[in-house]
Amino acid sequence: MNDKNIDQLKRLKLRKNAEMRLKVYGILSISLALIMLATLMISIGLSGYSALQQAYVKLEINVDSKKVLDEKGGFSNQKALLVNWDGIVSNSFITNFPEITKRSEKRSLRALMSSNAGYELRQYFQKNPDDLDENITIWLSASDDFDQYMKGRFNTSVDEKDRRLSNQQLKWIDFLAMEKISKLKFNTSFFVNADSREPESAGILGAVVGSTLTLTITILFALPLAVMASVYLEYFAKPGRLTDFIEVNINNLAAIPSIVFGLLGLSVFLGFFGLPRSAPLVGGLCLGLMTIPTIIIASRASIRAVPPSIKDAALALGASRMQAALHHVLPLAAPGILTGTIIGMAQALGETAPLLMIGMVAFIIETPDSFTSAATAMPVQIFMWSDSAERAFYERSSLAILFLVGFLIIMNSLAVFLRRKFEKKW
């Protein structure tokens, strides 16, 4: 073997070693990313899983039907407003401790029930008026501190004067748990309620509906404009400085911080057009402006991937340029366009800054029912909860993050599935 062959073998060996190192680096990078993702999800999960349960107290209650029913026997909201529902709850709760007679102790005992327990009782009789005049057993929400103590998340090692629950209140909670008057049950309120000042009554339904309405406006606004712009730039725009200027700015818009689109929406949609503040309509338009560049880039790449022979064949058979683009090229590019749209929508779903600028950070206790109703969105809801002082809001924000991340994973997985299922090999 001559020196030339030896030198070639050495270079071949070095090249194989370099390829092996590159492969190892890639595996290590992916493994590190998966470890970091798993660590993040586990950390959030450990903080938020307990929000799936809520502390409830069993009470024996009897309400006189004459206080809440009208002359026709229906539930009267006007009469119900005059009923002291909180007092009914408190009196029933205190009967579990007949030895307590001091006013200060009764006040401390009442603090263990949720401030919304009276509202829950009213809602129950509004849905079940036949239970009036009957002795019923009902489970009502305990306070957030009560709830945290039963979950083992209340720090009892802190000095009593620095705690929100006294030693006497802790003894009362232990007694209620021992007598099975209180227990942890599945937290349905988290899934069926909107936001609330009290963490034990706060839920994500309002934010989920708000996000759905906002994303509906986003896709209706962004997708047609992005596809039309992509078709124009690929098949109708003449090469030149103007076209180059447009392409450069589209790429720049895709990299602009999202808060800039919030400022644009604040000045244009709210300031100039006078659209309603905190509405999904405005939020969807802002997110649509942010999403359009992403969809345009993905759509143009998909259109370019279609062989030119498809368009040429259509033109040769007498189709116009518009017919060739819309009837032949665009359907074949649809899987890639759909993938880019889903990715853009997933990005919009997780955005907070633009929505903060247009007022969707408002405290909304009702589930929105239209595109112009005051609403909030999931990322904004999480932001508000994480900024609250109560420990119970922290665990609910962690659980909401898990749902948001899970939905984003589903959307991205759907994009990958659709791309693999419908893409064509040319």
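Residues numbered from 1 in each chain as written. Predicted model: local features only at pLDDT ≥ 70, side-chain atom pairs only at ≥ 80, totals over all residues. Heavy atoms only, no water.

Talk me through the packing of aromatic side chains; I want residue IDs and the actual numbers.
Two descriptors summarise a pair of aromatic rings, namely the distance from one centre to the other and the angle between the planes of the rings. Applying the stated rule across the entire model yields 13 aromatic pairs. With a centroid separation of 6.2 Å and an interplanar angle of 25 degrees, the aromatic rings of tryptophan 85 and phenylalanine 125 are classed as stacked. On the criterion of sequence distance, the pair formed by tryptophan 85 in helix α3 (residues 85-94) and phenylalanine 125 in helix α5 (residues 117-127) is long-range, its members being 40 residues apart. Neither residue differs from the other here; tryptophan 85 and phenylalanine 125 are each classed as buried. Between phenylalanine 97 and phenylalanine 175, the ring centres sit 5.4 Å apart and the planes meet at 55 degrees, which makes this aromatic pair tilted. One end of the pair, phenylalanine 97, is in the loop between α3 and α4 (103-110); the other, phenylalanine 175, is in helix α7 (residues 167-178), and 78 residues separate them in sequence. Judged by relative accessible area, phenylalanine 175 falls into the partly exposed class, the value being 30%. (Phe/Tyr/Trp six-rings, centres within 6.5 Å; stacked < 30°, edge-to-face > 60°. Helix = DSSP H or I, 4+ residues; strand = E, 2+ residues; numbered from the N terminus. Buried < 20%, exposed > 50% of the residue type's maximum accessible area, 1.4 Å probe, protein only.)

So what's going on with the sheet that holds strand β2 (residues 136-141)? Residues and values would help.
In a beta sheet, neighbouring strands are held together by backbone hydrogen bonds and run either parallel or antiparallel to one another. With antiparallel pairing, the three strands of this open sheet are ordered in space as β2-β1-β3. If you trace the sheet from one side to the other, it starts and ends with β2 and β3 (182-186), each paired once. Strand-to-strand, the axes of this sheet are offset by a mean angle of 45 degrees, without reference to chain direction. Of the pairings in the sheet, the one linking strand β1 (residues 53-61) to β2 comprises six bridges and is antiparallel in character. If you follow glutamate 60 over to β2, its bridge partner there is threonine 137. Strands β1 and β2 of the sheet are contacted by α5, whose axis makes an angle of about 135 degrees with β2. (Pairing = 2+ DSSP bridges. Axes fitted to C-alpha atoms, helices over the stretch in contact; angles between N-to-C directions. Contact = heavy atoms within 4.5 Å.)

Describe the packing of helix α9 (residues 205-236) against helix α14 (residues 321-349), and please don't skip the residues or the numbers.
Two measures define how a pair of helices packs: the angle their axes make with one another and the distance between the axes. Interaxial distance between α9 and α14 falls to 9 Å at its minimum, and their mutual angle equals 140 degrees. Between α9 and α14, the angle falls in the class oblique. The chirality of how α9 crosses α14 is right-handed. Along its contact with α9, which presents Ser211, Leu215, Thr218, Ile219, Leu223, Val227, Val231, Tyr235 and Phe236, the element α14 presents Arg321, Met322, Ala325, Val329, Leu330, Ile337, Thr341, Met345, Ala348 and Leu349. When the residues that make up the contact of α9 with α14 are grouped by side-chain class, the tally is 15 nonpolar, three polar and one charged. (Parallel < 35°, antiparallel > 145°, perpendicular 65-115°, else oblique. Left-handed = near helix turned anticlockwise from the far one by under 90°. Nonpolar A, V, L, I, M, F, W, Y, C, P; charged D, E, K, R; others polar.)

Hey, could you go over the pairing of β1 for me, with residue numbers and the actual values?
Consecutive residues of a regular strand have side chains that alternate between opposite faces of the sheet. Two elements, β1 and β3, share five bridges in a ladder whose sense is antiparallel. By the bridge assignment, tyrosine 56 is partnered in β3 with lysine 183.

How would you summarise a nonpolar patch on the surface if you had to cite specific residues and measurements?
On the surface, Leu253, Ile256, Ile259, Val260 and Leu263 cluster together into a nonpolar patch covering about 370 Å² of accessible area. When residues of the nonpolar patch are assigned to their parent elements, the largest contribution, three residues, is made by helix α11 (residues 258-272). Secondary-structure assignment places leucine 263 in helix α11. Note on leucine 263: relative accessible area 45%, which makes it partly exposed. (Patch = residues over 30% accessible without salt bridge, like charges linked within 9 Å, V, L, I, M, F, W, Y side chains within 5 Å. Areas by Shrake-Rupley, 256 points an atom, 1.4 Å probe, with all protein chains shown as cover. Salt bridge = Lys/Arg side-chain N within 4 Å of Asp/Glu carboxyl O.)

Could you give an account of the environment of lysine 67, naming the residues involved and the relevant values?
With respect to the helices and strands, the residue lysine 67 is situated in the loop between β1 and α2 (77-81). Sequence spacing of lysine 67 and aspartate 195 is 128 residues, and the spatial spacing of their C-alpha atoms is 29 Å. Dropping the residues within four chain positions of it, lysine 67 is found in contact with Lys79, Ala80 and Val83.

Summarise the packing of α9 against helix α12 (residues 280-305); cite the residues concerned and give the values.
At a closest axis distance of 6 Å, the pairing of α9 and α12 adopts a crossing angle of 35 degrees. Read as a crossing pair, α9 and α12 show a hand that is right-handed.

How would you summarise the pattern of salt bridges if you had to cite specific residues and measurements?
Using the criterion set out here, one finds eight salt bridges in the structure. Across the pair aspartate 145 and arginine 164 runs a salt bridge whose closest N-O atoms are separated by 3.2 Å. Highlighted residues: aspartate 145 in helix α6 (residues 144-150) and arginine 164 in the loop between α6 and α7, separated in sequence by 19 residues. Aspartate 147 is paired through a salt bridge with lysine 151; the nearest N and O atoms lie 3.0 Å apart. When its relative accessible area of 1% is taken as the criterion, aspartate 147 is described as buried. In this structure lysine 151 comes out as buried when scored by relative accessible area, which is 17%. Beyond isolated ion pairs, a larger network of salt bridges with shared partners links Asp147, Lys151, Arg153, Glu395 and Arg396.

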